[in-house]
Amino acid sequence: MELREQTELLKRHLTRLKDIFEHSTPPENTKDKEFFQKVKEETNPVYQLLEEWEEAALEVVKARKAKVHPQQVTSTKENMELVLMHSYYVDARRKRFMELHNSILYVFDLLLSEI
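Residues numbered from 1 in each chain as written. Predicted model: local features only at pLDDT ≥ 70, side-chain atom pairs only at ≥ 80, totals over all residues. Heavy atoms only, no water.

Asker: I tried to follow helix 1 (residues 3–23) on my own but got confused; where do I start?
Answerer: For an α-helix, 3.6 residues make a turn, and residues three or four places apart therefore share a direction. Between its terminal C-alpha atoms helix 1 stretches 30 Å, which fits the 30 Å expected from 21 residues at 1.5 Å a residue. Turning to helix 1, the residues buried within the fold contact helix 2 (33–62), helix 3 (70–89) and helix 4 (94–114). (Helix = DSSP H or I, 4+ residues; strand = E, 2+ residues; numbered from the N terminus. Expected span 1.5 Å × (residues − 1). Contact = heavy atoms within 4.5 Å.)

Asker: Whenever I open this one, the packing of helix 1 against helix 3 confuses me. Can you help?
Answerer: Two numbers describe a pair of packed helices, the interaxial angle and the distance between the axes. Axis separation between helix 1 and helix 3 bottoms out at 8 Å; the angle between their running directions is 30°. Looking at the two axes, helix 1 sits roughly parallel to helix 3. As for the relative orientation of helix 1 and helix 3, their crossing is left-handed in sense. The segment helix 1 lies against helix 3, with Leu10, His13, Leu14, Arg16, Leu17, Ile20 and Phe21 engaging Met80, Val83, Leu84, His86, Ser87 and Tyr88. Split into classes, the residues belonging to the contact of helix 1 with helix 3 amount to 9 nonpolar, 3 polar and 1 charged. (Axes fitted to C-alpha atoms, helices over the stretch in contact; angles between N-to-C directions. Parallel < 35°, antiparallel > 145°, perpendicular 65-115°, else oblique. Left-handed = near helix turned anticlockwise from the far one by under 90°. Nonpolar A, V, L, I, M, F, W, Y, C, P; charged D, E, K, R; others polar.)

Asker: What exactly am I supposed to notice about unusual backbone geometry here?
Answerer: Most peptide bonds take the trans configuration, and most residues that are not glycine carry a negative phi. Phi is positive for Arg64, which is not a glycine, with a value near 60°. Positive phi is not limited to glycine here, since Val90 has a value of about 45°. You can see Val90 is positioned in the loop between helix 3 and helix 4.

Asker: Before we go on, may I ask you to explain the environment of Lys95 in this structure?
Answerer: Mapped onto the secondary structure, Lys95 falls in helix 4. Residue classification places Lys95 among the exposed positions, given a relative accessible area of 63%. (Buried < 20%, exposed > 50% of the residue type's maximum accessible area, 1.4 Å probe, protein only.)

Asker: I'm lost on the confidence of the model for the protein chain in this one. Help?
Answerer: Note that predicted coordinates carrying low pLDDT should not be read in detail. Residue-level pLDDT values for the protein chain average 92, and 100% of them are 70 or greater. Within the protein chain, helix 1 carries the highest mean pLDDT (95), whereas helix 2 carries the lowest (92). (pLDDT = per-residue confidence, 0-100.)

Asker: In this structure, what is going on with the side chain of His13? I would like to understand it.
Answerer: Mapping His13 onto the fold places it in helix 1. Contact partners of His13, with chain neighbours within four places excluded, come to Val46, Leu49 and Met80.

Asker: Teacher, can you tell me more about the pattern of salt bridges here?
Answerer: Close approach of charged atoms lets side chains of opposite charge pair. Tallied over the full model, the rule gives 7 salt bridges. Residue Glu22 is joined to Arg94 by a salt bridge in which the shortest nitrogen-to-oxygen separation is 2.5 Å. In this pair, Glu22 sits in helix 1 while Arg94 sits in helix 4, placing the two residues 72 residues apart along the sequence. According to the relative accessible area criterion, Glu22 is partly exposed, its value standing at 33%. Between Glu54 and Lys77 there is a salt bridge, with the nearest N and O atoms lying 3.9 Å from each other. Within this pair, whereas Glu54 is found in helix 2, its partner Lys77 is found in helix 3, the two being separated by 23 residues in sequence. Each of Glu51, Glu54, Lys77 and Glu81 takes part in salt bridges that share partners, so that together they form one network. (Salt bridge = Lys/Arg side-chain N within 4 Å of Asp/Glu carboxyl O.)

Have a look at this one:
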């Protein structure tokens, strides 16, 4: 899968995660095994895609094909991982969640416009 496709797919996941965050209630018990299993099953493909995206994005950035700093790519991956967990566990303030969301979206859009 190309970097453009990966980035667009991650943007769709980001939108879905925002919807989950905004329309879900926090789990009653964060240590609930069934809930954890559900979250794990739903997030594993996104984690895998995120790993592949980071590798591809860093290659493009290091080849100077995009005006994005390598640290931005790494931070975006880390922020996306945080958003993944916050969206299911609803354990962050909305303001913080939106800051992460907007930061991720900015880098995705910047990368898409450059490649």
